[in-house]
Amino acid sequence: MRVLVTGGGGYVGSHTVRALQNAGHDPIVLDNLVHGHRDLVEQVLQAPLVVAQLGDRQTLQTILTQQHVEAVLHFAAYTTVGESVADPASYYRNNLGDTMVLLEAMLQEAQHRHTPPMPLVFSSTCATYGHPEQMPITEDCAQQPINPYGRSKWMVEMLIRDYANAYGLPAVILRYFNAAGADPTGDLGEDHTPESHLIPRVLYTIGSKRPGPLTIYGDDYPTPDGTCLRDYIHVTDLAHAHVLALEAICRQAPGQRQEVLTYNLGTGQGHSVREVIATAEAVTGRSLPVSVTSRRHGDPPVLVAATDKVKRELGWSPRLSRITTMVRHAWIWHQRRHGCRTTGPIHHGGPTVPTSGSRTS
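What you see is a predicted model, and the numbers here were worked out from it, not measured in a lab.

A. Layout of the side chain of Asn 94. Note that Asn 94 resides in helix H5 (residues 88–113). Judged by its relative accessible area of 7%, Asn 94 falls in the buried class. A polar side-chain atom of Asn 94 sits 3.0 Å from a polar atom in the side chain of Asn 95. Leaving out residues up to four positions away in the same chain, Asn 94 has contacts with Gln 53, Ala 77, Tyr 78 and Thr 99.

B. Structural context of the packing of helix H7 (residues 198–206) against helix H9 (residues 273–284). Two elements in contact, H7 and H9, have axes whose closest approach is 10 Å; the angle formed by their N-to-C orientations is 45 degrees. In terms of orientation, H7 and H9 fall into the oblique class. You can see that H7 and H9 cross each other, and the crossing is right-handed. Mapping the contact onto sequence places Leu 198, Ile 199, Val 202, Leu 203 and Ile 206 in H7 and Val 273, Val 276, Ile 277, Ala 280, Glu 281 and Thr 284 in H9.

C. Summary view of H5. With 26 residues, H5 extends 37 Å from end C-alpha to end C-alpha; this agrees with the ideal 38 Å at 1.5 Å per step. Following H5 by one or two positions, His 114 adopts a phi angle in the positive range, close to 60 degrees.

D. Geometry of the packing of aromatic side chains. One pass over the structure, following the stated rule, counts two aromatic pairs. Between the aromatic rings of Tyr 163 and Tyr 167, the centroid separation amounts to 5.1 Å while the plane-to-plane angle is 70 degrees, which identifies the pairing as edge-to-face. Taken as a pair, Tyr 163 and Tyr 167 lie in helix H6 (residues 148–167) at a separation of four residues, close to a single helical turn. On the basis of relative accessible area, Tyr 163 is assigned to the buried category, the value being 10%. Overall, the relative accessible area of 47% leaves Tyr 167 in the partly exposed class. Positioned over the ring face of Tyr 263 is Lys 309, at 5.3 Å from the centre of the ring.

E. Summary view of the sheet that holds strand E14 (residues 302–303). Judged by pairing direction, the sheet is mixed, and its three strands sit side by side in the order E12-E9-E14 without closing on themselves. A single partner strand is all that each edge strand has here, and the edge strands are strand E12 (271–272) and E14. As paired elements, strand E9 (residues 229–230) and E14 share two bridges and run parallel to each other. Along E14, the bridge assignment pairs Leu 229 with Val 302.

F. Representation of the nonpolar core. Core analysis: the largest hydrophobic core is formed by 41 residues, its most contacted members being Val 12, Val 172, Leu 174, Leu 246, Leu 265 and Trp 316. It is helix H8 (residues 235–250) that provides the largest number of residues to this core, a total of ten residues. Judged by nonpolar contacts, the second largest core, of 29 residues, contains Leu 54, Val 156, Ala 164 and Leu 169.

Rules used in this analysis
Residues numbered from 1 in each chain as written. Predicted model: local features only at pLDDT ≥ 70, side-chain atom pairs only at ≥ 80, totals over all residues. Heavy atoms only, no water. Helix = DSSP H or I, 4+ residues; strand = E, 2+ residues; numbered from the N terminus. Buried < 20%, exposed > 50% of the residue type's maximum accessible area, 1.4 Å probe, protein only. Polar contact = N/O pair within 3.5 Å; in protein donor to acceptor, adjacent residues only side chain to side chain. Contact = heavy atoms within 4.5 Å. Axes fitted to C-alpha atoms, helices over the stretch in contact; angles between N-to-C directions. Parallel < 35°, antiparallel > 145°, perpendicular 65-115°, else oblique. Left-handed = near helix turned anticlockwise from the far one by under 90°. Expected span 1.5 Å × (residues − 1). Phe/Tyr/Trp six-rings, centres within 6.5 Å; stacked < 30°, edge-to-face > 60°. Lys NZ or Arg CZ within 6 Å of the ring centre and 35° of its normal. Pairing = 2+ DSSP bridges. Core = buried A, V, L, I, M, F, W, Y, C linked by side-chain atoms within 4.5 Å.

These figures come from the coordinates and say nothing about function on their own.
Right under this line is the structure:
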């Protein structure tokens, strides 16, 4: 199947391009390269790349028509919470406005072909839940996003549901928790500037790429060690879920009013900030100084996914998402990408660290 991957030069998008290739599909990448990486698409994945803004309707329409696109996986978005608060206009313009252009182009292409709309898999986020009312978080929990990033993703979800109702758009919405790790080969991984995610920040610091200690934002949460618990999911497991979601939506009867399938993607287990740091120290064989400051506004103590639905309906379950595996794969990638070096060999065994949260998957 010929699949357009918007934002396919980014972190989760690039791993999903590889998963599509491995499953026998034929991806083409559309990316403006603001956060995506040309070298990963062209040299590592060797996939066709169109450099353009998603909101460029003419370019988008040309790709859909001339490349005979049969489905769309939509990752293209800005994703930094603090940036969205400082500049909400760019987030609504990029995340919401450009997605509307994409959906209109998909409908126009369907009219041109005299066929039902092609399937869409949308990359959403647990940030749409805001401060969740229950834990673990199920797909039917109230969505009350607390920042422009989360609200922009929630609005796109509403847009997709309305298009499915009115125009028969087949769609799957995947709400990620904390994507982590890197491809086990070490040739794909996370590379953001600036980096806001915990695991790569820890590895940058431990690899002497950032001066000074790592800052922990609050150690007085109601958790076993006082630091926040988050549900980390290996990026390769995420990518596999996209392929399963695409294949599931393609099995729906075309041209009818469509149910939008919605799934959480996580492990059901939380890991604390201190547990991640201890794991990184064990994997790299290096110690990491830390400093503690006050909590960040809006950080919930615990965010953990309920994953029963995606396991039951898609047959998906995470295979690489143990915290040690994710940190080890990320460290291999960071050494290759950024020149980080350990003082000794990488440790492949599990670290001796206190557990936080209980495993339910």
